[in-house]
Protein chains: 4
Amino acid sequence: MTGIIGGKNPSQQALDAAYQVGMLLSKKGMTIICGGLGGVMEAAARGASSVGGTVIGVLPSADLSTANPYITHAIATGFGDARNLIIINTATAFIAIDGEYGTLSEIAFALSRGKKVIGLHTKWDIEGVISAESPEDAVAKLFSD
Amino acid sequence: MTGIIGGKNPSQQALDAAYQVGMLLSKKGMTIICGGLGGVMEAAARGASSVGGTVIGVLPSADLSTANPYITHAIATGFGDARNLIIINTATAFIAIDGEYGTLSEIAFALSRGKKVIGLHTKWDIEGVISAESPEDAVAKLFSD
Amino acid sequence: MTGIIGGKNPSQQALDAAYQVGMLLSKKGMTIICGGLGGVMEAAARGASSVGGTVIGVLPSADLSTANPYITHAIATGFGDARNLIIINTATAFIAIDGEYGTLSEIAFALSRGKKVIGLHTKWDIEGVISAESPEDAVAKLFSD
Amino acid sequence: MTGIIGGKNPSQQALDAAYQVGMLLSKKGMTIICGGLGGVMEAAARGASSVGGTVIGVLPSADLSTANPYITHAIATGFGDARNLIIINTATAFIAIDGEYGTLSEIAFALSRGKKVIGLHTKWDIEGVISAESPEDAVAKLFSD
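Residues numbered from 1 in each chain as written. Chains lettered and ligands numbered in written order. Predicted model: local features only at pLDDT ≥ 70, side-chain atom pairs only at ≥ 80, totals over all residues. Heavy atoms only, no water.

Here's the deal with the overall build of chain A
Here comes step 1: A count of helices and strands for chain A gives five helices and seven strands.
Here comes step 2: Listed N to C, the secondary structure of chain A is β-α-β-α-β-β-α-β-α-β-β-α in terms of helices and strands.
Here comes step 3: By the compact-globule yardstick of 15 Å for 145 residues, chain A fits well, its C-alpha radius of gyration being 13 Å.
Here comes step 4: Counting only C-alpha atoms, chain A reaches 35 × 30 × 25 Å along its principal axes.
Here comes step 5: Within the span of chain A, comprising 145 residues, buried residues form 63% of the whole.
Here comes step 6: When contacts within chain A are restricted to residue pairs at least 6 apart in sequence, long-range pairs at least 24 apart make up 55% of them.
Here comes step 7: Working note: accessible area of chain A is about 5100 Å², and carbon and sulfur atoms make up 47% of it.
Here comes step 8: Placing the 10 positive and 13 negative side-chain charges of chain A at their respective mean positions leaves the two points 5 Å apart. (Helix = DSSP H or I, 4+ residues; strand = E, 2+ residues; numbered from the N terminus. Rg over C-alpha atoms; globule rule 2.2 N^0.38 Å. Buried < 20%, exposed > 50% of the residue type's maximum accessible area, 1.4 Å probe, protein only. Contact = heavy atoms within 4.5 Å. Areas by Shrake-Rupley, 256 points an atom, 1.4 Å probe, with all protein chains shown as cover. Lys, Arg positive; Asp, Glu negative; His and termini not counted. Charge placed at Lys NZ, Arg CZ, Asp CG, Glu CD.)

So, in structure tokens, the structure goes:
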């Protein structure tokens, strides 16, 4: 699985990028895992859904109705923000789009696990993050060695 | 989703029942969620897999390779036994097969959430658990009002 | 540490017993761990506090202000009911007072860990629970081999 | 409570700083919360212990024996690295010493909660982290408005 992480209140540019990333990953047959809520998470799921992709949404609350409508399988953790670690532990690589401190926390945790992180329209230019210019570039760098 | 919970070291009768329950639920188009490891979890996933069903396995460790081979989507939580609560929070109803104290803990937590629990070949005859005589009976009682 | 587990809406008898248990354990120099909220948890902490005992309250929310006023050290988990497992993993033995399905879930999880559970004014007469007649009896049975 | 976060394999300079920070905070009567293991966590606990301070150690495993010997109250979570969020949710402010990606993840999560983070001998010069020159400076900045 590929993880898509990012902000709840992104720019339109980030939303468009998330939609494209979701669509491109799904076309390659990749299952997506994300936090299941709005913003980047919903845009990516909508993009995946548009081409019949599978998206697992790992929700912070125990309430399944909080999932955005494009999630294939919603997981209601009840663990709050600790659900982020489930996403990081489950996916083998990540595309980080936009995002504030919460996204930085996820990026850092993924890097601490030695996992690949591609950054797209994100201000977190941390050592270890691979910068991408576009959704196409992000997906290409995800699959490159 | 329906949760299947149960022991890691069940009797052959319980394994056969879990296989049948997995198969019957999948034939009805129900996605299954379980703990992703061996015993009842593996037998149910194998039954589901035999008819092309979807099984989400919520693992205790952060290591995806611990999932049994019949899991469609493995979720690596890294949360140990606390992953049981994710299964309980996510499924709307449960079939409990066999099981020791760990299964009782899950049954009780599901009942505390007001969720339906069907018991099959289980010694936990707790108030609130609906007893079933066979895999077919368990699935029938799951779908009845 | 000793864990005190029990209901949020107990009878007066259970509240009185929890207060006594908290006081008796503290007099023996035992640190108490509980869920940090109301009912049995608050009564036990109040009993401990009355004799200068130490009580660690492991809260479900990330909000420290939800702790009852008798907690010495409040731990804000943000993990919801999964915080129960922290109490079970941390204490070496438990006194369960009153309680509904949530308490049964904790009792079962403690027994699955091979830990001693004393039951006082509780309806959960599960195999493995040691029944006590009074707060004094519960504390005596906690310390006996 | 004040949280002390930092690396498992710090430099001698960082260890000395952690010891001093632990001692200085304890002298001010502040309870410390940390991850309970070695490196910065142990040095800070040892410094606190040297002046009779109280240190709560929130362990990743369910095994109390993994705590370093200077912890006053060890909490065995069994939640792996997710225990970091408990530390962040519980303390009102943090001193981050040394540390790799794991520490960055904690810093970012603390900042996402709007909490104060003082950085000492750490390479994570993230917007929002208040830089300190010495243990004394770190503690002074912790208590300043």
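Considering helix α2 (residues 40-49) of chain A
Here comes step 1: The buried fraction of α2 of chain A amounts to seven of the 10 residues, a majority that puts the element mostly inside the structure.
Here comes step 2: For α2 of chain A, the elements touching its buried residues are β1 (2-6), α1 (12-27), β2 (32-34), β3 (55-59), α3 (83-90) and β5 (93-97) of chain A.

A few points about unusual backbone geometry
Here comes step 1: Notably, D98 of chain B is not glycine yet its phi reads approximately 60°, a positive angle.
Here comes step 2: The topology assignment puts D98 of chain B in the loop between β5 (93-97) and α4 (101-112).
Here comes step 3: Relative accessible area serves as the criterion here: at 17%, D98 of chain B is assigned to the buried category.
Here comes step 4: We note that H121 of chain D has phi near 50°; this positive angle belongs to a residue other than glycine.
Here comes step 5: You can see H121 of chain D is positioned in the loop between β6 (116-120) and β7 (130-131).

Examining the environment of A17 of chain B
All names here are of chain B.
Here comes step 1: As for its placement among the helices and strands, A17 is situated in helix α1 (residues 12-27).
Here comes step 2: Taking the C-alpha atoms as reference points, A17 and E136, 119 residues apart in sequence, are found 9.3 Å from one another.
Here comes step 3: Sequence-distant contacts of A17, defined by excluding residues within four places in its chain, comprise I97, L120, H121 and P135.

Focus: the pattern of salt bridges
Side chains that differ in sign of charge can pair as their charged atoms come close.
Here comes step 1: Inspection of the entire model under this criterion finds 12 salt bridges over all chains.
Here comes step 2: Of the charged contacts, one joins R113 of chain B and D81 of chain C as a salt bridge, the two residues approaching to 2.7 Å between their closest N and O atoms. Taken together, the residues R113 of chain B in the loop between α4 and β6 (116-120) and D81 of chain C in the loop between β4 (73-76) and α3 (83-90) connect one chain to another.
Here comes step 3: A relative accessible area of 34% places R113 of chain B in the partly exposed class.
Here comes step 4: Look at D81 of chain C and you get partly exposed, because its relative accessible area is 25%.
Here comes step 5: One salt bridge connects K123 of chain C with E100 of chain C, and the closest N-O pair in it is separated by 3.0 Å. You can see K123 of chain C sitting in the loop between β6 (116-120) and β7 (130-131) and its partner E100 of chain C sitting in the loop between β5 (93-97) and α4 (101-112), a full 23 residues away along the chain.
Here comes step 6: Look at K123 of chain C and you get partly exposed, because its relative accessible area is 49%. (Salt bridge = Lys/Arg side-chain N within 4 Å of Asp/Glu carboxyl O.)

Regarding the interface of chain A and chain B
Here comes step 1: Every contact between the two is made by 20 residues of chain A and, on the other side, 20 residues of chain B.
Here comes step 2: Both faces considered, chain A and chain B share a buried interface measuring about 1500 Å² in area, 71% of it formed by carbon and sulfur atoms.
Here comes step 3: The largest share of the area that chain A buries against chain B comes from H73, I75 and F79 of chain A, three residues that together contribute 33% of it.
Here comes step 4: Where chain A meets chain B, there are zero salt bridges.
Here comes step 5: Our enumeration of links across chain A and chain B arrives at four residue pairs in polar contact (both at pLDDT 80 or more).
Here comes step 6: Contributing elements (two or more residues each) for the side of chain A that touches chain B: β4 (73-76) and α3 of chain A.
Here comes step 7: Here the side of chain A that touches chain B is built from residues that sort into 12 nonpolar, seven polar and one charged. (Buried area = accessible area lost by both parts, 1.4 Å probe. Polar contact = N/O pair within 3.5 Å; in protein donor to acceptor, adjacent residues only side chain to side chain. Nonpolar A, V, L, I, M, F, W, Y, C, P; charged D, E, K, R; others polar.)

Considering the relation of the copies chain A and chain B
Here comes step 1: For the pair chain A and chain B, the relating rotation is 180°, the translation along its axis is 0.0 Å, and the fit reaches an RMSD of 0.0 Å. Given the turn and translation reported, the copies of this chain are related as if by a two-fold rotation axis.
Here comes step 2: Interface overlap between copies: 100% of the residues of chain A at the interface are likewise at the interface in chain B, consistent with a symmetric, same-surface contact. (Least-squares fit on C-alpha atoms with pLDDT ≥ 70 in both.)

So, the pairing of strand β1 (residues 2-6) of chain B
All names here are of chain B.
Here comes step 1: Here β1 lies mainly inside the structure; five of its five residues are buried.
Here comes step 2: Burial of β1 is two-sided: the residues T2, I4 and G6 facing one way and the residues G3 and I5 facing the other way are all buried.
Here comes step 3: Where β1 and strand β2 (residues 32-34) come together, two bridges link them in parallel fashion. Among the inter-strand pairings, G3 is bridged to a residue of β2, identified as I33. (Pairing = 2+ DSSP bridges.)

Topic: the packing of aromatic side chains
Here comes step 1: One pass over the full model with this rule turns up 10 aromatic pairs over all chains.
Here comes step 2: Chaining the aromatic ring pairs together yields one cluster made of F79 of chain A, F79 of chain B, F79 of chain C together with F79 of chain D.
Here comes step 3: Above the face of the F143 of chain A ring, K28 of chain A is positioned so that its terminal group lies 5.2 Å from the ring centre. (Phe/Tyr/Trp six-rings, centres within 6.5 Å; stacked < 30°, edge-to-face > 60°. Lys NZ or Arg CZ within 6 Å of the ring centre and 35° of its normal.)

What to know about the interface of chain C and chain D
Here comes step 1: With 20 residues of chain C at the interface, the matching set in chain D holds 20 residues.
Here comes step 2: Summed over both sides, the interface between chain C and chain D buries roughly 1500 Å², with carbon and sulfur atoms accounting for 71% of that surface.
Here comes step 3: Counting the surface chain C buries against chain D, the share from its top three residues, H73, I75 and F79 of chain C, is 33%.
Here comes step 4: The tally of links from chain C across to chain D stands at zero salt bridges.
Here comes step 5: The tally of links between chain C and chain D comes to four residue pairs in polar contact (both at pLDDT 80 or more).
Here comes step 6: Contributions of two or more residues to the side of chain C that touches chain D are made by β4 and α3 of chain C.
Here comes step 7: The residue inventory of the side of chain C that touches chain D, partitioned by class, reads 12 nonpolar, seven polar and one charged.

That's the geometry; what it means functionally is another story.
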